[in-house]
Amino acid sequence: MLELRNVTKKVGAAEHIRDVSLALHHGTLNVLLGPTLSGKTSLMRLLAGLDQPTSGKVFFDGKDVTGIAVQKRNVAMVYQQFINYPTLTVYENIASPLRVAGMDRQTIKQEVMRAAELLRLTPYLDRMPLQLSGGQQQRTALARAIVKKAGLVLLDEPLANLDYKLREELRAELPRIFAESGAIFVYATTEPSEALLLGGNTATLSEGRVTQFGPTVDVFRRPDDLVTARTFADPPLNTIELIKRGSGFELDGGVLLPAPAGLSGVEDGTYTVAFQPHHLSLDAASPTAVAINATVAITEITGSESYVHLHFANAAWVMLAPGIHRLEPDERVTVFIDPRHLMVFDQSGRAVRPPHDLAA
């Protein structure tokens with residue numbers, strides 16, 4: 001297990017990582033999700049031993065490794081900006097950690113060929129890195145990490161430079177590869193969709209803080225606070241500040257938006273109500289869906305789906321609708337939201353849970 005205990009990293013007066021505690025287990029996939037400058041790379045450098053924390057401790061399998069340099073740890077790293085040895089062939093780049101480990105020639109060949117086949121590098125093994133495309137160079141760096149069989153594998157947005165088809169294939173394959181190796185697998189990304197595709201566990205980051213950590217789907221569906229919910233939303237989370245009275249929230253036009261199950265008895269007052277863009281629809285998907293009259297700002301059509309930007313009261317929302325919808329600016333449109341999909345946050349930004357959830 002790799003464990004961070006109350007780790008803080010300061011550079012001058014700036015806190016890059018703030019009081020982070022995490023426990024990552026062998027054979028698990030752990031995603032670091034957050035926007036640019038949220039602290040993902042800084043946290044990975046602390047996990048690897050490239051940087052030392054200003055305060056707090058790092059443990060690996062119960063041993064304090066806070067002061068131990070990366071060269072003395074069994075760590076493999078792959079970055080978005082790939083790093084290969086320019087004077088070595090693709091074969092020798094992949095084989096390099098195995099040669100350092102003193103493996104015999106036949107074992108090295110077997111491991112290199114297995115990784116090359118997986119990453120579609122077999123035709124390029126005799127080439128030099130500068131003779132490859134950017135995607136091929138990135139795959140070479142990934143193959144080197146795979147053969148190393150490190151106890152900790154850190155991937156910092158490693159698929160960003162690959163074509164769509166290969167990226168999707170590797171997203172499906174990488175978790176299995178590293179789970180079988182027993183490695184602790186840490187994968188940094190800015191994309192919520194990528195975190196969901198990879199599965200495993202996710203730590204959401206904001207301004208150097210880990211706002212939540214747990215099974216990826218649980219963090220997505222049940223964020224502890226508004227910051228986490230916004231981090232795990234792309235397109236951006238839809239929000240609106242509403243007053244709760246009785247069993248629901250009052251919308252403009254006299255429409256009552258029923259409170260989600262278990263929250264009807266929550267104290268009346270002002271709350272932030274939030275929902276994902278794909279939970280708005282042009283049709284009532286269920287008998288409990290509530291109709292809302294909004295105004296179209298602009299529509300973006302991607303081919304298979306449409307992003308419809310809407311104005312409602314003082315809120316700006318995005319609806320992610322399957323298919324092509326040609327809605328014009330200033331057009332009035334009726335959209336639907338099922339109260340079951342609503343997330344409710346108090347004035348401090350904490351999620352409001354049903355009483356039985358709090359008791360549990």
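The structure presented is a predicted model; accordingly, all values stated were derived computationally and were not measured.

Draft legend 1. Examining the sheet that holds strand 16 (residues 290-301) more closely. An order of 15-19-16-17-18 is seen for the five strands of this open sheet, with the pairing classed as antiparallel. Here the strands that pair on one side only, and so sit at the sheet edges, are strand 15 (280-281) and strand 18 (315-322).

Draft legend 2. Broad picture of the pairing of strand 3 (residues 29-33). Of all the five residues making up strand 3, five are buried; the element is thus mostly covered by neighbouring parts of the structure. Side-chain alternation along strand 3 places Leu 29, Val 31 and Leu 33 on one buried face and Asn 30 and Leu 32 on a second face that is also buried. In this sheet, strand 8 (residues 184-189) lies alongside strand 3 in parallel orientation, the contact comprising five bridges. Among the inter-strand pairings, Leu 29 is bridged to a residue of strand 8, identified as Phe 185. Where strand 3 lies against strand 9 (residues 201-206), four bridges are found, and the strand directions are parallel.

Draft legend 3. Up close: the environment of Gly 269. Summarising the element assignment, Gly 269 is placed in strand 14 (residues 269-275). Taking the relative accessible area as the measure of exposure, Gly 269 reaches 23% and is therefore partly exposed. With 25 residues separating them along the chain, Gly 269 and Lys 244 place their C-alpha atoms 5.3 Å apart. Look past the residues within four positions of Gly 269 in its chain and what remains in contact with it is Leu 242, Ile 243 and Lys 244.

The rules behind each value
- Residues numbered from 1 in each chain as written.
- Predicted model: local features only at pLDDT ≥ 70, side-chain atom pairs only at ≥ 80, totals over all residues.
- Heavy atoms only, no water.
- Pairing = 2+ DSSP bridges.
- Helix = DSSP H or I, 4+ residues; strand = E, 2+ residues; numbered from the N terminus.
- Buried < 20%, exposed > 50% of the residue type's maximum accessible area, 1.4 Å probe, protein only.
- Contact = heavy atoms within 4.5 Å.

That is the geometry; function is a separate question.
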